[in-house]
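What follows is each chain in one-letter form.
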Amino acid sequence: MNTPQIVEAVLFASDAPLSPDEIARADERLDEDQVEEALQILKAEYDDAHRAFHLTEIAEGYQILTRPEFAPYLERFDNVHRPNRLSGPSLETLAIIAYRQPIGRIEIEYIRGVNSSGVIRTLQDRSLIDIVGRGDGLGRPLLYGTTQRFQEHFGFGSLDDLPRPDELPIILKDRMPLQESERSSDQEEISEKQGLGERPADEDADNHVNEASQDSGA
Amino acid sequence: MDLRFAEGAIVRDDFFLVEIDRFQGPLDLLLHLIRTQDIDVFDIPVARITDQFLQVIKGLDEEDLDSAGEFLETAATLIRIKAQMLLPHEGDDDDEDPRAQLVRRLLEYEQIREISQRMRSAEADRARRFSKGFIPARPKRLHQEMPLETTWADVLSAALSVEMPAPRQGLPRITARTISMQDKVVLILDSLQDRSGVEFSRLLRGFGDTMHGVMTFLAGLELTRQRVLFMRQSQPFSELWFYKNEEAEEGVTEDIGRIEVDT
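Sequence order sets the numbering: in each chain, residues are counted from 1 along the sequence as written. The lettering of chains begins at A and the numbering of ligands begins at 1, in the order of writing. For this predicted model, a pLDDT threshold of at least 70 governs which residues receive local features, and a threshold of 80 or more governs which side-chain atom pairs are given and counted, while totals over whole chains, interfaces and linings are taken from all residues.

Details of the overall build of chain B
Across its full length, chain B carries nine helices and three strands. Among the 263 residues that make up chain B, the fraction classed as buried is 21%. The contacts in chain B between residues at least 6 apart in sequence include a share of 66% that link residues at least 24 apart. Numbering of helices and strands runs from the N terminus; a helix is a DSSP stretch of H or I covering at least four residues, while a strand is a stretch of E covering at least two. The burial label depends on the number of other C-beta atoms within 10 Å of a residue's C-beta. Counts of 20 or more mean buried, 12 or fewer mean exposed, and intermediate counts mean partly exposed, with C-beta atoms placed from the backbone. Placing C-beta atoms from the backbone, we regard two residues as in contact once those atoms come within 7 Å.

Dropping the structure here:
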């Protein structure tokens, strides 16, 4: 039995994404690097052989999924429970949490401008977000972050697969997960171009959040 | 904040109808007002936007205080900004444009909205790829405890071998049992004298009445109870075999005539 075959057997028997170190548990002689190598071999094999499925990188792991062009055939069997598409408010809230995690409810509501406790609960019930800690502010607010289920739902290989801020038409990088250097230069550009004052945006934004939490506390 | 303030607002020729329910919140509405009128977001005409905003939120459902409050809060912010804009400018460079904070929020919200649209299409792409287990398992067999398979052909042949009962004439008559189980016990044991097993159907050969079948079966059950023989059927509706129990005590089978039968 060669390594790609062992890896294939493990992937075949699983209905959820598996990470290379999880796959490596199949045999003491396997390490993650060998599994990674085997995964690339399998991936190429499936693609070359035009299989109806491919090896997909999803939720920080690998899973065998059918190719999208076969969806019309498979959808005819659609009588088991499938996760519903998310509503607009849910997507909006998830986007905020994905980019700003860990983040508390007050800050989410400040960005959206509307009460979000119901949406947060729904997302939590669907295991798309989870409590990841507590903030330092008044009452030690709960902080939320996205889960592995979130990545599975959207087919993201990792959080890096989220749309990059620089692909988007409007760039606000002050608190986006970006490199320090990238951040400061772009920030200056925005302030200069718009003439919105000299105050650094980071400090400014933090002030607003504090304001918002005070408001709601009153 | 008083909504009547809006009554006095100057409604310009660019008045337009906006349905408040369409919007997820005040930021959504503000963005709509700005984007549909091709307004430069970095130079918002606060007075005009404020008027339009107030115009639209007049349609708010007064019962729904939660969402009304959110719109009213933003309306208050707009009016505060409008007032700040009217104050004489100090000329001090450190003064921030009163609109800056709102603009930042709007842009941030717009970006989040853009991201959530991309996430929606990612979600749709993902929904077109399926993992193992998507197609449901076949329903479970009802009679899982049955060890052997029965095919439709078996069922059909069994059905065909059933004799149609004779049409009943008049009232049912109860007759004395004319066939004794003792006779059947003897018949079974006789048949098993020189062989280890005998088919149920062979024991019925030559007897027409259904009652012979019933009595032979009862005799078989009785002998089974006494561990003289055992019965086997390989599958439902197939041939029933009577086998001699080789482990039975010698005396019983030899003493054929004297086996006591409970009747």
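Read on for the rest.
Here we look at the overall build of chain A
What chain A contains, in helices and strands, is 10 helices and five strands. In chain A, which comprises 218 residues, the proportion classed as buried is 31%. Sequence-distant contacts, at least 24 apart, represent 48% of the contacts inside chain A between residues at least 6 apart.

Details of unusual backbone geometry
Residues and elements named next belong to chain A. With omega at -5°, the peptide bond leading from Gln101 into Pro102 counts as cis. Considering the arrangement of structural elements, one finds Pro102 in the loop between helix 5 (88-100) and strand 3 (103-104). Positive phi, normally seen in glycine, also occurs at Ser127, with a value near 60°.

What to know about the interface of chain B and chain A
Taken together, the contact between chain B and chain A spans 41 residues of the former and 39 residues of the latter. Within the residue set of the side of chain B that touches chain A, elements represented by two or more residues are helix 1 (26-36), helix 3 (65-86) and helix 4 (100-126) of chain B. With 20 residues, helix 4 of chain B is the single largest residue contributor to the side of chain B that touches chain A. When residue character is reported, Ala, Val, Leu, Ile, Met, Phe, Trp, Tyr, Cys and Pro are called nonpolar, Asp, Glu, Lys and Arg charged, and the others, Gly included, polar. Of the residues belonging to the side of chain B that touches chain A, the class tally is 15 nonpolar, nine polar and 17 charged.

Things to note about the pairing of strand 2 (residues 229-233) of chain B
Residue and element names in this part refer to chain B. Pairing geometry for strand 2 and strand 3 (residues 240-244), over five bridges, is antiparallel. By the bridge assignment, Phe230 is partnered in strand 3 with Tyr243. The pairing criterion for strands is at least two bridges between them, as found by DSSP. What sits between the antiparallel neighbours strand 2 and strand 3 is a turn of six residues, in which Phe237 has the positive phi angle 75°.

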